[in-house]
Amino acid sequence: MTRREVLAALAGLTAAACSSSSTTTVSQTDGGDTDAGAADAGGSTCANPPAGTNLGPVSSYPAGTWTKKNSYIVAQDAKGFFAFTAICTHSGCIVNPPATNGDTLCACHGSKFDGNGAVLQGPAALPLQHFAVALCGGDLYVDDNMSVDAATRTPAA
Ligand code: FES
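Residues numbered from 1 in each chain as written. Predicted model: local features only at pLDDT ≥ 70, side-chain atom pairs only at ≥ 80, totals over all residues. Heavy atoms only, no water.

## Some thoughts on the pairing of strand S8 (residues 130–136)
Across the 7 residues that make up S8, a large majority, 5, are buried. In terms of strand pairing, strand S4 (residues 80–85) meets S8 through 2 bridges, oriented antiparallel. Within S8, the position partnered with Phe84 by the bridge is His130. Here S8 folds back onto strand S9 (residues 139–148), and the loop between the two strands holds 2 residues, one of which, Gly137, carries a positive phi near 60°. (Buried < 20%, exposed > 50% of the residue type's maximum accessible area, 1.4 Å probe, protein only. Helix = DSSP H or I, 4+ residues; strand = E, 2+ residues; numbered from the N terminus. Pairing = 2+ DSSP bridges.)

## Overview of unusual backbone geometry
Following Gly122, the chain continues to Pro123 via a peptide bond in cis, the omega torsion being 20°. Here Pro123 lies in the loop between strand S7 (119–121) and S8.

## Let's talk about the nonpolar core
Among the nonpolar cores identified, the biggest contains 12 residues, and these are Ile73, Ala75, Phe82, Phe84, Ala86, Cys88, Cys93, Val95, Cys106, Phe113, Ala124 and Leu128. Of all the elements in the fold, those that place two or more residues in this core are strand S3 (72–77) and S4. When residues no more than four places from it in sequence are discounted, the contact partners of Ala86 are Lys68, Ser71, Tyr72, Ile73, Cys93, Ile94 and Val95. Judged by nonpolar contacts, the second largest core, of 11 residues, contains Leu55, Tyr61, Ala83 and Phe131. (Core = buried A, V, L, I, M, F, W, Y, C linked by side-chain atoms within 4.5 Å. Contact = heavy atoms within 4.5 Å.)

## Quick notes on empty space enclosed by the protein
The tally for this structure, following the rule as stated, stands at 2 cavities of 30 Å³ or more. In this structure, the second largest cavity spans a volume of roughly 40 Å³. Lining the second largest cavity we find Phe81, Phe82, Ala83, His130, Phe131, Ala132, Val133, Val148, Thr152 and Thr154. Within the residue set of the lining of the second largest cavity, elements represented by two or more residues are S4 and S8. The element contributing the most residues to the lining of the second largest cavity is S8, with 4 residues. By residue class, the composition of the lining of the second largest cavity is 7 nonpolar, 3 polar and no charged. (1 Å grid on protein atoms, 1.4 Å probe; cavity = no way out; pocket = protein on both sides within 12 Å on 5 of 7 lines; lining within 4 Å. Points joined across faces, edges and corners; volume = space filled by probe spheres on them. Nonpolar A, V, L, I, M, F, W, Y, C, P; charged D, E, K, R; others polar.)

Have a look at this one:
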């Protein structure tokens, strides 16, 4: 094989690698909700996704409800959306899905929390930590790197 043939073969491999990478990126964009500016399954767009985890469409969290999603409890009251951890402050179990009034029980040792994460019954001594909530493109994001006060709410758009 001549030097020219080797270079041509390498150029072909590089083009194939670039093509494959591009396809992978498109696939990841289509499969996730953390993409920037791409339409999601609901047809919404978010040009500048906020920090945190995309927990899906805002419509999944109607006013007056509490929803356990991943390791979070997400809710909406008259002032807006809020989210707090579903990880019990006693020994780290994931609490049960909230009741219709928002109360949540930890089945491991019986701790009970109200709809804002405050302790109603021990052995847990500390409330469930609230995190920043942001809305973008019709989706709700929770940033567990940003703790907020339990009174913090993110108004519906
Ligand atoms: S871990 Fe929740 S009550 Fe012990």
